[in-house]
Each structure stands twice: as C-alpha cells, then as structure tokens.
Amino acid sequence: MANILDDMLRLVRLRACVYFVRDLAAPWGFDLPDLEVAPMHLILGGTASVRVAGGNLVLLGPGDAAFFPVGDAHRIGRAGNADQSSTTRLLCGHFEWDTGAGMPLAANLPDVMVVRDLFGGGDGAMLRQVVAMIEAGAPRTAADEPGGSILADRLGEVLFIGLLRRWAFQAAPRKGVLA
C-alpha cells in the first residue's frame, strides 16, 4: 500500500488551506454546503459531532478528525451530551488536488473519512508536532505575522498525508487502489 500511496501522492498537485484553530464555547455549530474542496475538521480538545446530510451522527473526541473528500454538505457542532460549559478546540481547513491526476485517489475514498486517535501510533508524535506548528502559524487576525497563514497551509499538506495514511491503516480498504 505504501508504494501505491506514495506514487499517487506524487502525481497529485495537493494544496491545503487552514481556516482556523479556535476554542469554541457551547453552544456552537455550523453547516457547510456542498463544496468543490475537501473540508477537514480535527478535534484538538473537547468533543464534537458531525453529520452528513441524511447520514449518521459521528461523535469525535480529542485527536479525531473528519475529512470529506468530495466536499459533501455536513454539520459540525457541539456533541449532544457534552457539558454546556465545556469548550472544543478545533482545527478546520480544506484540501484540494488536481482532478485529472488525483481522480483515481478521490474516486477510491468514501464520502466521509473518520480518523481516530491521530496522535497515537507510530507517527503520532510527528503529527502532533505538525499540528503544533500549524497552531503557531494559523490565521488569527489580520495583524498576524507575515507568512504565517502560508506556513500553516503548507503544514496542512503534511497533515493531509498523515490523515490519509492513518485512515488507510485504520479502515483497511478492501477494494480500490488503496486496498
């Protein structure tokens, strides 16, 4: 699998955009429409829930991520049973790739990918460092240091590869090019 994934990622012109890293106080939630990009939400602290239109509710905890490869509309918000006084630390962004070369990759991914415990396992420490660097450079205000958001976006590309690798190991797909 590693060689196929490496080969596919070399063919894809990957871009990431980190929107924000924020602490959100209850109640919070927002809806995203169908998008031309692939949104991603990573829970850094607290809990959240996501639901694709007409789909099941998925609960997320610290280190869990939800990624929508084909940009399906969805809702993310405070988990239903969470303490009203609790906050959720959330990293949100999106990924995109050229549809020509990346089509085999995108065509073999589910509509929603859930990655559990991103910071556990063999590459967990490295991914925790990547996220810490994203947090240091992520957009906060218009007065942020020059280049900070570009740095966060480039690190987001590394995060995407880590998410995809972890998903492939967790989901162990049985069909498609990643099987």
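Since this is a predicted model, take the numbers as computed values, not measurements. Counting restarts for each chain: residues are numbered from 1 in the order of the written sequence. Totals for whole chains, interfaces and linings use every residue, but because this is a predicted model, local features are given only for residues with pLDDT of at least 70 and side-chain atom pairs only at 80 or more, for both listing and counting. Only hydrogens and water are set aside; all other atoms, that is, all heavy atoms of the structure, feed into the side-chain values.

Engineer: Explain unusual backbone geometry here, please?
Structural biologist: Excluding glycine, residues mostly carry a negative phi; peptide bonds, for their part, are mostly trans. Note that the residue after Ala 26, namely Pro 27, is joined by a cis bond; omega there is -5°. Looking at where Pro 27 falls in the secondary structure, it is placed in the loop between strand S1 (14-25) and strand S2 (29-32). Of note, the phi angle at Asp 117 is positive, near 50°, even though the residue is not glycine. Numbering of helices and strands starts at the N terminus; helices are DSSP runs of H or I of at least 4 residues and strands are runs of E of at least 2.

Engineer: Just to check I follow, could you spell out the pairing of strand S8 (residues 87-97) for this structure?
Structural biologist: Moving residue by residue along a regular strand, the side chains alternate between the two faces of the sheet. Relative accessibility thresholds used throughout: buried, under 20% of the residue-type maximum; exposed, over 50%; partly exposed, between the two (1.4 Å probe, protein chains only). Of all the eleven residues making up S8, eight are buried; the element is thus mostly covered by neighbouring parts of the structure. Pairing geometry for S1 and S8, over eleven bridges, is antiparallel. Residue Val 18 lies in a different strand from S8, and its bridge partner there is Gly 93. Relative to S8, strand S3 (residues 38-45) is paired through seven bridges, and the arrangement is antiparallel. Its bridge partner being in S8, His 41 is matched across the sheet by Cys 92. Only when DSSP finds a minimum of two bridges between them are two strands counted as paired.

Engineer: Is there a simple way to think about the sheet that holds strand S9 (residues 113-115) in this case?
Structural biologist: One key point about sheets: their strands pair by backbone hydrogen bonds, in either a parallel or an antiparallel sense. Reading across the sheet, the five strands line up as S1-S8-S3-S6-S9 and stay open at both edges, with antiparallel pairing between neighbours. Whereas interior strands pair on both sides, the edge strands pair on one side only; in this sheet they are S1 and S9. Within this sheet the neighbouring strands show an average axis-to-axis angle of 15°, counted without direction. Here helix H4 (residues 148-171) sits on the sheet and contacts S1, S3, strand S6 (65-67), S8 and S9; the angle it forms with S1, its principal contact strand, is near 90°. Geometry is summarised by axes, namely lines fitted to C-alpha atoms with helices restricted to the contacting stretch, and by angles between N-to-C directions that run from 0 to 180 degrees. Note on definitions: a residue-residue contact is assigned when non-hydrogen atoms from the two residues lie within 4.5 Å.

Engineer: Quick question: what am I supposed to make of the nonpolar core here?
Structural biologist: Taken as a class, soluble globular proteins show a tendency for nonpolar side chains to be buried jointly. Only buried residues count toward a nonpolar core. Its members are Ala, Val, Leu, Ile, Met, Phe, Trp, Tyr and Cys residues joined through side-chain atoms within 4.5 Å. Within the largest apolar cluster, 32 residues are counted, with the highest numbers of intra-cluster contacts made by Leu 42, Phe 95, Ile 134 and Leu 159. Where this core is concerned, the elements lending two or more residues are helix H1 (2-11), S1, S3, S6, S8, S9, helix H3 (124-137) and H4. Per-element tally for this core: the top contributor is H4, with eight residues. Ignoring sequence-local partners within four residues, the contact set of Leu 159 consists of Met 40, Leu 42, Leu 91, Leu 118, Val 130, Val 131 and Ile 134. In this structure, Ile 43, Ala 48, Ile 76 and Leu 90 belong to the second largest nonpolar core, which totals 13 residues.

Engineer: Got a minute to help me understand the packing of aromatic side chains in this structure?
Structural biologist: Aromatic ring pairs are defined here through the distance separating the ring centres and the angle between the ring planes. Here is the rule: rings of Phe, Tyr and Trp (six-membered ring for Trp) pair when centre to centre is within 6.5 Å. Planes less than 30 degrees apart are stacked, more than 60 are edge-to-face, and the remainder are tilted. On inspection of all chains with the given rule, the structure shows four aromatic pairs. Arranged with centres 5.5 Å apart and planes meeting at 75°, the rings of Phe 67 and Phe 160 form a pair that is edge-to-face. Within this pair, whereas Phe 67 is found in strand S6, its partner Phe 160 is found in helix H4, the two being separated by 93 residues in sequence. You'll find Phe 67 and Phe 160 in the same group, each marked buried. Residue Phe 160 is classed as buried on the basis of its relative accessible area, which comes to 1%. Counting every residue linked through ring pairs, the aromatic cluster contains Phe 67, Phe 95 and Phe 160.

Engineer: What should I look at first to understand H3 in this one?
Structural biologist: Note: α-helices contain 3.6 residues per turn, so residues at a spacing of three or four share the same orientation. A helix's residues, less one, multiplied by 1.5 Å, set its expected span. In a regular helix each residue adds 1.5 Å, so 14 residues correspond to 20 Å; H3 covers 20 Å between its end C-alpha atoms and thus fits that length. Every buried residue of H3 is accounted for by Gly 124, Leu 127, Val 130, Val 131, Ile 134 and Gly 137. Looking down the long axis of H3, one finds its buried residues gathered within 150° of arc, a one-sided arrangement. Summarising the geometry of H3, the exposed residues directed more than 90 degrees from the buried face are Ala 125, Gln 129 and Ala 136. Within this analysis, the arc is defined by the directions that extend from the helix axis to the C-beta atoms.

Engineer: For this particular structure, what's the right way to read the side chain of His 41?
Structural biologist: With respect to the element layout, His 41 can be found in strand S3. Classification of His 41 as buried rests on a relative accessible area of 2%. Polar contact criterion, stated in full: a pair of N or O atoms within 3.5 Å, where within protein one must be able to donate a hydrogen and the other to accept it, and residues adjacent in sequence count only if both atoms are side-chain atoms. There is a polar contact of 2.8 Å between the side chain of His 41 and the side chain of His 74. Once residues within four sequence positions are removed from consideration, His 41 is found in contact with Phe 30, Leu 32, Asp 64, Ala 65, Ala 66, Phe 68, His 74, Ile 76, Leu 90, Leu 91 and Cys 92.

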